[in-house]
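Here is what each chain is made of, one letter per residue.
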Amino acid sequence: MIRTRIIQTTVSPLHGAAALDGYCARRFTYLTRDQWGEEILSGKVSLNGEVARNPAAELKDGDILAWDASGIVEPAVDRGIGLLYEDEWFVAVDKTGNLPVHPAGRYFNNTLVFLLEERYGRKLYPVHRLDRETSGIILLAFDPRSAERLSGSISRGSREYLALVHGNFPDCGMVVDLPLGPDAASAVRKKRKAWSGGTERAETRFTKALAAGDVSLVRCFPETGRLHQIRAHLLAAGFPIVGDKLYGRDETAFLTFIEQGLTPEIQQLLILPRAALHNARMVFRHPHTNQELTIDAPLPAMFSECIVSRRDEG
């Protein structure tokens, strides 16, 4: 089933004149300017409530754009979602490592929420988030009240992630408590940085599970829940995650991937096709029964295969 998808945005701020097709190409980069021209000419874009037929129409601050994106071709995703726990209030699943949780960018139908709503035939409410390339446990409630109570329960519980990182991680482990904030030096707007000048308190405890040649498997225990916290903390500590395009050894891999996809050169640099970060264990009290629950997600085959191959090479 393909759902109707209308994307709406307010134009702001503009610095000088801006044509409709050019603005759309900058705002929604997954279509070229020529492709946006075709979308406009076909009547899929409206401006302030009226169908816009002129790609060169001049925009001004405050204009309301709406685009019927229902027919956009979405990237392929890994739909192999595993069931870990289910009761009348919520479900815990093992998310694959190439699947966004929510609609964003080019993803709309190819999301965890939509696929599970198709499976269950009802609306689901994600209780927390994982990045698209992060695999492992994610909880979704069957009603808003359960989602609210479950969110409180997991905030008082604990999580353990597993990460494959470059380098031989210290046997003694480490705690990284650098605050987080925007990375002003990065060409990628959404990138975060762990540094003393950050404004968001963040703390992660790391212990070494094993080493295999030039990579290590690390257990990660976030004491706070900031966006991109584990990835930014491992990069700051000098042990970037294998396969991480944005927080890896070279962020230009992310920019090249956006423009050209996963080229052989990027694949060689990254070693793995996606970031090797996995939400492996969650411990919390059931919000309705108060029973302590421990939910585990098995180590992805990608991790174990990489460990074996790097150990053999070493």
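Residues numbered from 1 in each chain as written. Predicted model: local features only at pLDDT ≥ 70, side-chain atom pairs only at ≥ 80, totals over all residues. Heavy atoms only, no water.

### Focus: the sheet that holds strand S3 (residues 50-51)
Working definition: the strands of a sheet are paired by backbone hydrogen bonds and lie parallel or antiparallel to each other. Using the following cut-off: The criterion for strand pairing is that DSSP finds at least two bridges linking the strands in question. By the criteria applied, helices consist of DSSP H or I runs no shorter than four residues and strands consist of E runs no shorter than two, each listed in order from the N terminus.
The strand order across the open sheet built from 4 strands is S1-S4-S2-S3, with neighbouring strands paired in antiparallel fashion. Both outer strands of the open sheet, strand S1 (6-10) and S3, are each paired with one neighbouring strand and no more. Strand direction decides the pairing type here: strand S2 (residues 45-47) and strand S4 (residues 64-68), joined by 3 bridges, are antiparallel. Bridge pairing in S4 places Ser46 opposite Ala66.

### Considering unusual backbone geometry
Basically, it comes down to this: Remark: exposure states derive from per-residue accessible area (1.4 Å probe, protein chains only) relative to the maximum for the residue type, with buried under 20%, exposed over 50%, and partly exposed in between.
Even without being glycine, Asn48 reaches a positive phi, approximately 55°. Along the chain, the position of Asn48 falls in the loop between S2 and S3. Positive phi, close to 70°, is recorded for Asn290, a residue that is not glycine. Here Asn290 lies in the loop between strand S15 (277-285) and strand S16 (292-296). Assessed through its relative accessible area of 51%, Asn290 is described here as exposed.

### Some thoughts on the nonpolar core
A general feature of soluble globular proteins is that nonpolar side chains tend to end up buried together. Heads up, the rule is: As used in this record, nonpolar core signifies buried Ala, Val, Leu, Ile, Met, Phe, Trp, Tyr and Cys residues forming a set joined through side-chain atoms within 4.5 Å. Only heavy atoms matter for contacts: two residues are in contact if any of them lie within 4.5 Å across the pair.
Grouped together as the largest cluster of nonpolar side chains are 44 residues, with contacts concentrated most on Leu112, Leu140, Leu164 and Leu234. Among the elements that make up this core, the one with the highest residue count is strand S9 (residues 158-166) (5 residues). Those residues within four positions of Leu140 in sequence are excluded, and the remaining contacts are Phe90, Val91, Val93, Leu112, Val113, Leu116, Leu124, Tyr125, Pro126 and Val127. Counting 22 residues, the second-largest nonpolar core is a separate cluster that includes Val45, Leu47, Ala52 and Ala69.

### Some details on the environment of Thr204
Stated precisely, the cut-off is as follows: The definition of a polar contact used here is a pair of N or O atoms within 3.5 Å, where within protein one atom must be able to donate a hydrogen and the other to accept one, and adjacent residues in sequence count solely through side-chain atom pairs.
Residue placement: Thr204 occurs in strand S13 (residues 204-212). The class of Thr204 is buried, set by a relative accessible area of 0%. In sequence terms Thr204 and Glu223 are 19 residues apart; their C-alpha atoms lie 5.5 Å from each other. Discounting chain neighbours no more than four positions away, the residues touching Thr204 are Met174, Val175, Val176, Phe221, Pro222, Glu223, Gln229, Ile230 and His233. In this structure the side chain of Thr204 is engaged in a polar contact, spanning 2.8 Å, whose partner is the side chain of Gln229.

### A closer look at the pairing of strand S5 (residues 82-86)
Two elements, S5 and strand S6 (residues 90-95), share 4 bridges in a ladder whose sense is antiparallel. Each residue of the ladder has a partner; that of Gly82, found in S6, is Asp94.

### Description of the packing of aromatic side chains
Stated formally: Two aromatic rings from Phe, Tyr or Trp, using only the six-membered ring of Trp, form a pair when their centres are within 6.5 Å; if the ring planes differ by under 30 degrees the pair is stacked, by over 60 it is edge-to-face, and anything between is tilted.
Going through the model one piece at a time under the given rule, you end up with 8 aromatic pairs. Taken together, a centroid distance of 6.1 Å and an interplanar angle of 45° make the contact between Phe28 and Trp67 tilted. Here Trp67 lies in strand S4 and Phe28 lies in the loop between helix H1 (20-27) and helix H2 (33-41), a separation of 39 residues in the sequence. The same class applies to Phe28 as to Trp67, namely buried. In textbook terms, an aromatic cluster arises when at least three aromatic residues are bridged by ring pairs, as seen for Phe28, Trp36 and Trp67.

On their own, these measurements won't tell you what the molecule is for.
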